[in-house]
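Reading the structure
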Amino acid sequence: MVPSPRFPPPGQSVLAVSRDGRVARPISVGWCRGLAGRRRPAGPMWGALRAGGTLRAAASRPMAVSRPTAARGSAATAGIIVIGDEILKGQTQDTNSFFMCRRLRALGVRVARISVVPDEVDAIAGEVAAFAARFTYVLTSGGIGPTHDDVTFEAVARAFGERVTPHPELVALVHKFFGKTDAQCPEMKLARVPESSYLNYGTDRCTGGTFKYPLVSVRNVYIFPGIPALMERALDGLTHLFRSEQTRFHTRTIYVAADEILITPVLDQADATFQGRVSLGSYPDWANNYYRVKLTLDSESEQDLEEAYHFLIEKLPPGVVVPLVTDCVSLAAAEVYGLAESGSALGQKVAAALRTIEEALDRYSLAQLCVGFNGGKDCTALLHLVHAAVERRCPVRQEKLQVLYIRIMSPFPEMEQFIQATVQRYKIELCTVEGSIREALVHLKEQQPQLEAVLMGTRRTDPYSCTLMPMCMTDPNWPPYMRVNPLLDWTYRDIWEFLRKLFVPYCVLYDKGYTSLGSMANTLKNPALRYTDARGRESYRPAYELENEEDERTSRQ
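Let us look at the structure shown here. Bear in mind the structure is a predicted one, so any value in this text is a computation, not a measurement. (Residues numbered from 1 in each chain as written. Predicted model: local features only at pLDDT ≥ 70, side-chain atom pairs only at ≥ 80, totals over all residues. Heavy atoms only, no water.)

**So, the nonpolar core**
Core analysis: the biggest nonpolar cluster contains 65 residues, and Val-350, Leu-385, Leu-401, Trp-490 and Phe-498 have the highest contact counts within it. Considering every element that reaches this core, the biggest residue donor is helix α13 (residues 377–393), with 9 residues. With residues near it in sequence (within four places) discarded, Trp-490 still touches Leu-346, Lys-349, Val-350, Ala-353, Leu-385, Arg-459, Ile-495 and Phe-498. By size, the runner-up hydrophobic cluster in this structure holds 31 residues, among which are Ile-83, Phe-135, Val-138 and Ile-223. (Core = buried A, V, L, I, M, F, W, Y, C linked by side-chain atoms within 4.5 Å. Buried < 20%, exposed > 50% of the residue type's maximum accessible area, 1.4 Å probe, protein only. Helix = DSSP H or I, 4+ residues; strand = E, 2+ residues; numbered from the N terminus. Contact = heavy atoms within 4.5 Å.)

As structure tokens, then:
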């Protein structure tokens, strides 16, 4: 039986006790005067009490609340409400819900619904009321501030039939942080919150200290700021409010190198077999070099999860399940040097390439050399080799590896996207120049005169390259650079074996029938890779399946 609420005399304070047992600061309950004498208080909060809700001590005034609870054996649930016209208009990209989902899941909370609503009091209030009745926790994001469209506090109050009123502690904080005391000033809008608000002071994960400004919550609704940095800091500092010690989510992932339609019967069978125990997700990825479908399995039961995982491994067609290294960059030094020491035919070529790269690193500082990179397969392999050598030699360094991109006319959009992704992946510094190779090197010498050497992904089968040496100066009538050519003796197959063995990402065009990439004006899919699929459609095999290496450049005009 839920005890009746007891109110202190008007004007006095109570100590609010947080859910983790800590005593919060005293808060005034003087504004409860109009309710303190009622024998049968009315309104949604008291209706919840009569319905058998639990008494929450951590409120700004003693009150009974009703909170949806997870069924036995199931996880606590959360609903996220993202508030803002700018989200709905496409003017701002929402990242807050993504962050909240990841954090809550790690805490044992299942996010059941995400909603995006405009800056309208009625729309927000309706969603908050519906979510609060349905989910264990409700997290809102946005609509907190001093301007006309910051209406979240007002909307949450309306959702529970309450007023907004100045909270003495927030009034003091507004005075402290903004130096304002005028009740009508814009900053004071931050202090006007729903009547039953509770102030949650989080803990700074870096310093261990208590936050100076609280997060406002009303019943099971937690009102977060919309600025991502502030929201993330607040949620990380208040994880104790949401952590479930009883629930832990278990996850397994399977990568499949086959089209989704081919494995649909197996997925249907698995879903029927483990329905209610394991959640199975299937996500096609047309841009990945190493798989076509990512399967995810989630369960609160580790035993059920493992049973479903082995079921799929057994039922999926032979050979379609592939391993996947999702971060080849951080593993590059160990994996590349391990391959060099393996003694295999490819390993010997890797070892020779590393010796050339290390010789260049002995002669030149990182400020004096750069890697030629246009997004092609050869320079992608070269970049990975150079990155591995630099990481092995200088694992802790401030200088970034410099990369030279000579941008041609009419480049493929996919190539440009891949280059930008590569910059982020390897954390390199990109220098872009346009024109022919010779023109680009002239501009480079003017812009960065300290550069003395360029590492190139040239192979002997490339035009005008059969007589090159691993290290040689440019021709006399060219800007003076040392050309470093670690891949001279590599073959087309060597490049592809190296990339795919180490799961190095490469431009997706190579999976669509292209074997040598130039501009959109002079590059076609390679006819040697063309075939007719089972439905009679013309298709192209990926570049690494090219049988005759001499056909590599037949698609270049």
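Now that the structure has been shown, the text picks up again.
**A few points about helix α10 (residues 302–315)**
In this model α10 runs 20 Å from its N-terminal to its C-terminal C-alpha over 14 residues, within 8% of the 20 Å that 1.5 Å per residue would give. Taken together, the buried positions of α10 are Asp-304, Leu-305, Ala-308, Tyr-309, Phe-311 and Leu-312. Down the axis of α10, the sector holding all buried residues measures 160°, keeping them to one side. In α10, those exposed residues whose orientation departs by more than 90 degrees from the buried face are Gln-303 and Glu-314. Packing partners of the buried residues in α10 comprise β13 (250–256), α9 (260–274), β14 (279–284) and β15 (293–299). (Expected span 1.5 Å × (residues − 1). Arc of directions from axis to C-beta.)

**Section: a nonpolar patch on the surface**
Together, Phe-177, Phe-178 and Tyr-213 line one region of the surface with nonpolar side chains, adding up to about 270 Å² of accessible area. Looking at where Tyr-213 falls in the secondary structure, it is placed in the loop between β10 (198–200) and β11 (215–218). Tyr-213 gets classed as partly exposed once you look at its relative accessible area, which sits at 30%. (Patch = residues over 30% accessible without salt bridge, like charges linked within 9 Å, V, L, I, M, F, W, Y side chains within 5 Å. Areas by Shrake-Rupley, 256 points an atom, 1.4 Å probe, with all protein chains shown as cover. Salt bridge = Lys/Arg side-chain N within 4 Å of Asp/Glu carboxyl O.)

**Thoughts on the sheet that holds β10**
Reading across the sheet, the 6 strands line up as β6-β5-β7-β12-β11-β10 and stay open at both edges, with mixed pairing between neighbours. Because the sheet does not close on itself, it has two edges, and the strands there are β6 (109–117) and β10. The average undirected angle you get between the axes of adjacent strands in this sheet is 25°. Where β11 lies against strand β12 (residues 221–224), 3 bridges are found, and the strand directions are antiparallel. Across the sheet, Val-218 pairs through a bridge with Val-221, a residue of β12. (Pairing = 2+ DSSP bridges. Axes fitted to C-alpha atoms, helices over the stretch in contact; angles between N-to-C directions.)

**Let's talk about the pattern of salt bridges**
Tallying each qualifying case throughout the model produces 25 salt bridges. Three or more residues are tied together by salt bridges with common partners; here these are Lys-377, Asp-378, Arg-459 and Glu-552.

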